[in-house]
Amino acid sequence: MTYDLLIKNGLVVDGSGGAGYRADVAVQDGKIAKIGRVNERARQTIDAQGHVVSPGFVDGHTHMDAQIFWDPIGSCSCYHGVTSVVMGNCGFTLAPCKQQDADLVFRNLERAEDLSREAMLEGIEWSWETFPQFLDAIDGLPKGINYAGYIGHSALRTYVMGERAFTDEASEEDTKKMQLLVKEAMHAGAIGFSTSRTFNHITADERPVASRIAAWDEVRAIVNAVGETGKGIFEIAGEAPGRDPQKIREYHNRLRDLAVESGVTQTWGMFSVRAAPDLWRPYFDLLDETADAGGRMFAQVHSRALTTLLSFESYTPYDKWEVWRDIRKLPLHQQKEKLSDPSLKAKLVEIANQPYTGPRIVGAEPRPPHWDYVYPMLNMDYETPSMGEIARQKGVDPVELMIDMALARDLKMFFRQPIANENQDHVLEMIKHPRSVVTFSDSGAHVAQIMDSSLQTHLLSYWVREREALTLEEAVRQITYNTATMWGLHDRGLLREGMMADVVVFDPDTVGARLPEIVHDLPAGAKRLKQTADGIMHTIVNGEILLTNNEHTGAVPGRLLRS
């Protein structure tokens, strides 16, 4: 027999959590045909000596709904070993929606997810109205990786209610229409239903996105409709009850009761925050409480701090401040000239130290920094001193230090500003919780603000290799079998004969993220952050090599994954 692809001499870490073992992996017709000693020939052979052979990584929290129309390979997730993603999180989807009403969904996406309206207008070829039609459109696109998608509450609400979705509670008739549409979407292959109730999600004109207007009874009715289909996930960007124990308890009761009564698996993201370092713990208690009550609920956690990247090439915390805003409108070479003027630099430092009186900060938008929690990115070392500490050592103001460090590198330098998960001991504790999964890259959103598509390679480089806090087998299971299973992608996430051949071949000694860069390759020339990885030799999707050493082979083997 001649196989399509043969991966020889690698260390197979199969996603189960079991110990790795030396074996060959043969692929035929997009599936794993044999694991063991393979003596037969293949049309294409990879020598994986010194490399790990693992399942492709699965990311359950992305926003690639718009990006998929102009980016066939799924960057930057694909550069970090991700072969399958779930898009449409937090209620933000492009369907259902008529083309003439596209502004309604753009309004929900533009600021809340930092997606350029110009890029969406130029890059999306609209060919649908209903969610089943949207899935068919995705099915027909060339794709490098695999995509599954939620039907989002904000799009669903605006489709049924129009402009009223941003101001009114749903009528009984509105709710019944939404229930019917969500069941139609589930039967067509939606992975589930998503919503947002977080105060961070607002429109460009400072209004709540449509899903935030919904009463809890509306959410409950829709999720119960999902439950009637016997499948699906309910994802929620949750409410913020603050630190009041009674409000937290009331909110948790609603989440628990909905998981139990609907029978729908529920998921939400959770981070630690330095302002309230133990606020996350009751949420993890809720996971066990819900399981004891007969429901299914899991948390999505990160592998590091949730970080805004600051740069003169993209955003600084002061872009809208007086004097700063005039300079920041100039081309980069002119900014460099202005910033080199000592008197002007002193004025900028003075202004930056004034109290903040600007517009509301949303999500990952840069904010006035606490300099003891801002770090220079000279490399991917996460143990570097803070800008505050360096400034004290040098006897200078941190703002002046930021300007000088950036000038020394032609303004092509990033500073990372954690906005959550500052405590890495908490991060590790959340990673190890039995009812959590490591995901939440937000890929496709906040494209010039954060770059967390590398969370999987960070897990392998930092927690496995540097900290030795997880075994290689534990880490691979976290980002393969665990994520695939939670989202019902049961033919992926393991290396087993008969499973789909999504495979990553990587060097455990060098795998890790490279420094990010700013590129202008979105439609309409919009900017975004791009980050590739070291140590990944091949990324294989459905049996075809998609990437070799970060370079696209030209293959587009990805598929739409219907529930």
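Structure first, text after, so check above.
Residues numbered from 1 in each chain as written. Predicted model: local features only at pLDDT ≥ 70, side-chain atom pairs only at ≥ 80, totals over all residues. Heavy atoms only, no water.

Q: Give a detailed account of the overall build of the protein, specifying residues and quantitative values.
A: Within the protein one finds 17 helices and 24 strands. For 563 residues, the compact-globule estimate of 2.2 N^0.38 gives 24 Å, and the protein sits close to it at 24 Å. In the protein, which comprises 563 residues, the share counted as buried stands at 61%. Taking contacts inside the protein between residues at least 6 apart in sequence as the whole, the part at least 24 apart equals 75%. Separation between the mean location of the 59 positive side-chain charges and that of the 78 negative ones in the protein comes to 0 Å. (Helix = DSSP H or I, 4+ residues; strand = E, 2+ residues; numbered from the N terminus. Rg over C-alpha atoms; globule rule 2.2 N^0.38 Å. Buried < 20%, exposed > 50% of the residue type's maximum accessible area, 1.4 Å probe, protein only. Contact = heavy atoms within 4.5 Å. Lys, Arg positive; Asp, Glu negative; His and termini not counted. Charge placed at Lys NZ, Arg CZ, Asp CG, Glu CD.)

Q: Provide a residue-level description of empty space enclosed by the protein, including the pertinent values.
A: Taken as a whole and judged by the stated rule, the model has three cavities of 30 Å³ or more. Quantified by volume, the largest cavity comes out at close to 90 Å³. R304, T307, L309, M377, M380, Y382, R416, M451, D452, S454, P516 and Q531 are the residues that line the largest cavity. Residues of the lining of the largest cavity, tallied by class, amount to six nonpolar, three polar and three charged. In this model, the second largest cavity occupies a volume close to 40 Å³. Lining the second largest cavity are H63, D65, A66, F92, L109 and L115. Among the residues making up the lining of the second largest cavity, the classes are represented as four nonpolar, one polar and one charged. (1 Å grid on protein atoms, 1.4 Å probe; cavity = no way out; pocket = protein on both sides within 12 Å on 5 of 7 lines; lining within 4 Å. Points joined across faces, edges and corners; volume = space filled by probe spheres on them. Nonpolar A, V, L, I, M, F, W, Y, C, P; charged D, E, K, R; others polar.)

Q: Outline the sheet that holds strand β12 (residues 297-301), listing residues and values.
A: Strand order in the open sheet formed by eight strands is β6-β7-β8-β9-β10-β11-β12-β16, and the pairing between neighbours is parallel. Since the sheet does not close on itself, it has two edges, and those belong to β6 (57-59) and β16 (436-438), each with one partner. Each neighbouring strand pair of the sheet contributes to a mean axis angle of 25°, computed without reference to strand direction. Relative to strand β8 (residues 146-152), strand β7 (residues 82-87) runs parallel, the two sharing four bridges. Bridge assignment links V85 to a residue of β8, and that residue is Y147. Sheet strands in contact with helix α15 (residues 455-466) are β6, β7 and β16, and its direction is about 130° off that of β6. (Pairing = 2+ DSSP bridges. Axes fitted to C-alpha atoms, helices over the stretch in contact; angles between N-to-C directions.)

Q: Any chance you could break down the packing of helix α5 (residues 172-188) against helix α6 (residues 216-228) for me, citing the residues and the numbers?
A: Between α5 and α6, the shortest axis-to-axis distance is 9 Å and the interhelical angle comes to 35°. Crossing angle aside, the handedness with which α5 passes α6 is right-handed. Of the residues in α6, those in contact with T175, M178, Q179, V182, K183 and M186 of α5 are E218, A221, I222, A225, V226 and E228. Classifying every residue of the contact of α5 with α6 gives seven nonpolar, two polar and three charged. (Left-handed = near helix turned anticlockwise from the far one by under 90°.)

Q: Quick one: what's the story with helix α13 (residues 398-407), residue by residue and with numbers?
A: Each α-helix turn comprises 3.6 residues. Residues three or four places apart therefore point the same way. Buried residues dominate α13, accounting for eight of its 10 residues. Buried within α13 we find P398, V399, L401, M402, I403, M405, A406 and L407. Contact partners of the buried residues in α13: α9 (324-328), α10 (332-339), α11 (342-352), β14 (375-377), α12 (387-394) and β15 (414-420).

Q: Please give an account of the sheet that holds β15 that cites residues and values.
A: Read across the sheet, three strands follow the order β13-β15-β14 without closing on themselves; strand pairing throughout is antiparallel. Every interior strand has two partners, whereas the edge strands, β13 (306-310) and β14, have only one. For this sheet, the mean angle separating the axes of adjacent strands, direction not counted, is 40°. Inspection of the sheet shows β13 paired to β15 by five bridges, in the antiparallel sense. Bridge assignment links L310 to a residue of β15, and that residue is F415.

Q: So what about α6? Which residues, and what values?
A: Taking 1.5 Å of rise per residue, 13 residues should cover 18 Å, and α6 covers 18 Å from first to last C-alpha, within 8% of that figure. Looking only at α6, the buried set comprises W216, E218, V219, A221, I222, V223, A225 and V226. Buried residues belonging to α6 abut α4 (153-161), α5, β9 (192-196), β10 (233-237) and α7 (245-262). With its phi angle positive at about 80°, G230 sits one or two positions after the end of α6. (Expected span 1.5 Å × (residues − 1).)

Q: Explain the environment of Q99 residue by residue, including any values.
A: For Q99, the location among the structural elements is in the loop between β7 and α1 (102-110). In the structure, Q99 is positioned 406 residues away from V505 in sequence and 42 Å away in space, judged by C-alpha atoms. Once residues within four sequence positions are removed from consideration, Q99 is found in contact with W126 and W128.

Q: Any chance you could break down the pattern of salt bridges for me, citing the residues and the numbers?
A: Oppositely charged side chains are able to pair whenever their charged atoms sit close together. Inspection of every chain in the model, using the stated rule, returns 36 salt bridges. When the shortest N-O distance is used, the salt bridge between R43 and D4 registers 2.6 Å. On the criterion of sequence distance, the pair formed by R43 in strand β4 (residues 41-47) and D4 in strand β1 (residues 2-12) is long-range, its members being 39 residues apart. Of the residues examined, R43 reaches a relative accessible area of 60% and is grouped as exposed. Residue R562 is joined to D136 by a salt bridge in which the shortest nitrogen-to-oxygen separation is 3.0 Å. (Salt bridge = Lys/Arg side-chain N within 4 Å of Asp/Glu carboxyl O.)

That is the geometry; function is a separate question.
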